[in-house]
Every structure is written in structure tokens, then in C-alpha cells.
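# Observations on the model geometry
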Amino acid sequence: MKAKIPVSVYIITLNEEANIGRALDCLGDFDEVVIVDSGSSDRTVEIAESRGNTRVSFREFDGFAAHKSHALSLCRNDWALNLDADEELTDEYIAEVRKIVAQDEFDALESTRTLIRWGARPRHFGGAERLIRLFRKSAGHYPPRRVHESIHIEGRVAKTSATILHHENLTFSQRVAKSKRYAEARARDKFDRGDKAPLPVLLLIFPLSFIQHYVFKGHILDGVDGLLTSMNSAYYAFIKYARLWELYRGRE
């Protein structure tokens, strides 16, 4: 029997009953899993607490970066791995984690993430999404952002082709609602930085974003799903700048 991987996995959750079981199923070899829930009304906490290596705590949601920073602070190991509730580690990725931690030559691992939407990979051009989820705690921190948070690493980063699976089983209306929430948070981040939303941007951001995703990123290959994905991406871009314009005029 293999020894436990000396890594703390941390996940933030809110009503992830449909996903959390799958995410936790692949984490049995890790020393601990830290769940920070922000008030789920479904069986998310119950499912998480049924796993032997999982600790669950509550914190009111105050932005993705702040929430994940808090979860990271609860991790007891020198190495930490962030996972979203709708993600799943592959066996190849777990093997890479074991190797990187055992070698102790790097401070983080950059990997790919593969989108799985309703059981299939969407078709498009371009390379795989790359991100850092495994890192030495002393080498990583989250810059303050409300949304689109990512860990900042100061140190040596190894790279692997092993992937994390992202299961996005959302209806189109759920995806649009999520885009609206994210656009609001992103607009406030940009407002805090002093960014502006000039008229040319408001005029052009929707059509240019749609063309970028539908044509140049190749979502045209994915039929109606690709069309909806591109429209949603353009909607997100427009709403973000429209809200930024409103914020500058004090319209809450």
C-alpha cells in the first residue's frame, strides 16, 4: 500500500452536491483535504464529511482570492494543491504530484486542464489551458482579486502534460448567470485599478469577442454548442465593461 501523499488539497464550495463526490473520489491518497464551505444548502457538507481525510469549515464568501487564501492558511502540509469542486485529478496527474514532491527540486507544477462539457470535449482551435495548482506553500500567494484568481509563484516551476479534468455540466442559462456574476466582480476589480470603459470599447467589445471565440478560437467547429459558447463569452465581455461604465458614474 502506497504511503499518503504529503500534500494538503483545498477546495472552496457552495452547493456542489452534484460535483464534490467525484472530486473527493480521486483524493484518497492525499494526506488531507480541506473544504471551506460558504453556506451550502444541499448535501455538499454531508458528502465531504463522510470522507476520512477531509476537514470541513465554514467562512462567509468574500471573493475568490480571499476565500482561497483562507483555505490555504488551514493546510498543514508544506505542499498544497488547489482543486475546484467540479474538477477531477487524473491518475497521470497524481503520479506527477508524487514525483515532484518526492524529488523536492521544484516549487510548483504547471499542468493542463481539459474541459469536459456534458461528457464530451468541446471542439476548438488552440492549445490546452495551462495552470498551476500544486505548489509549495512558502512559494505561492493569491494577489487580491474578486474573480479570475490565480496563484502567484516565486520559485522554480516544473511542467507536465498530465491533465486535470474540468466537468462543466451547466445549462446555457446557468452559464449566462455565472458570466453575469463574474462580469460584475471583474468590473469592480478593474474599477479599483482605475480602468475605464470608453465608448469605442462598449461599441466593439461584443462583436470582436464573438469573432475571436467563434472564428479564431475555432468554436465554429462545435456546432450550436460552439455558437452558444462564443455568444456567452461576448456577453461576459460586454457586461463587464458596461458595469465598469456604470461604476464610474456612481450607478449601483
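The structure under discussion appears in the preceding block.
First, a word on what this report is: a plain description of the structure on this page. (Residues numbered from 1 in each chain as written. Predicted model: local features only at pLDDT ≥ 70, side-chain atom pairs only at ≥ 80, totals over all residues. Heavy atoms only, no water.)

## Structural notes on the sheet that holds strand 7 (residues 129-136)
What counts here: Note on pairing: DSSP must find at least two bridges between two strands before they are called paired. Here a helix means four or more residues in a row that DSSP labels H or I, a strand means two or more in a row labelled E, and each is numbered from the N terminus. Only the stretch in contact is used when fitting a helix axis, every axis being a line fitted to C-alpha atoms; angles between N-to-C directions are given from 0 to 180 degrees. Contacts were defined at the residue level, with two residues in contact if any of their heavy atoms lie within 4.5 Å.
Judged by pairing direction, the sheet is mixed, and its eight strands sit side by side in the order 3-2-1-4-7-6-10-5 without closing on themselves. Both outer strands of the open sheet, strand 3 (54-58) and strand 5 (87-89), are each paired with one neighbouring strand and no more. When strand polarity is set aside, the average angle formed by the axes of neighbouring strands in this sheet is 30°. Relative to strand 2 (residues 30-37), strand 1 (residues 5-13) is paired through seven bridges, and the arrangement is parallel. The partner of Ile 12 across the bridge, within strand 2, is Val 36. Where helix 3 (residues 64-73) meets the sheet, its contacts fall on strand 1, strand 2, strand 4 (79-82) and strand 7, and the angle it forms with strand 1 comes to roughly 145°. Running at roughly 150° to strand 10 (residues 157-167), helix 4 (residues 91-103) makes contact with strand 1, strand 2, strand 4, strand 5, strand 6 (108-116), strand 7 and strand 10 of the sheet.

## Considering helix 5 (residues 172-193)
Inclusion rule: An expected span of 1.5 Å times one less than the residue number is assigned to each helix. The buried label goes to any residue with under 20% of its type's maximum accessible area, the exposed label to any with over 50%, and the partly exposed label to all in between, with areas taken from a 1.4 Å probe on protein chains only.
Taking 1.5 Å of rise per residue, the 22 residues of helix 5 would be expected to cover 32 Å, and the 31 Å separating its terminal C-alpha atoms lies within 8% of that figure. Those residues of helix 5 that fall on the buried side of the exposure criterion are Arg 175, Ser 179, Ala 183, Ala 185, Arg 186, Ala 187, Asp 189 and Lys 190. Looking at the buried positions of helix 5, the neighbouring elements they touch are helix 7 (223-248).

## Considering helix 7
The terminal C-alpha atoms of helix 7, which comprises 26 residues, lie 38 Å apart, in line with the 38 Å expected from a rise of 1.5 Å per residue. Looking one or two places after helix 7, you find Gly 250, whose phi comes out positive at around 70°.

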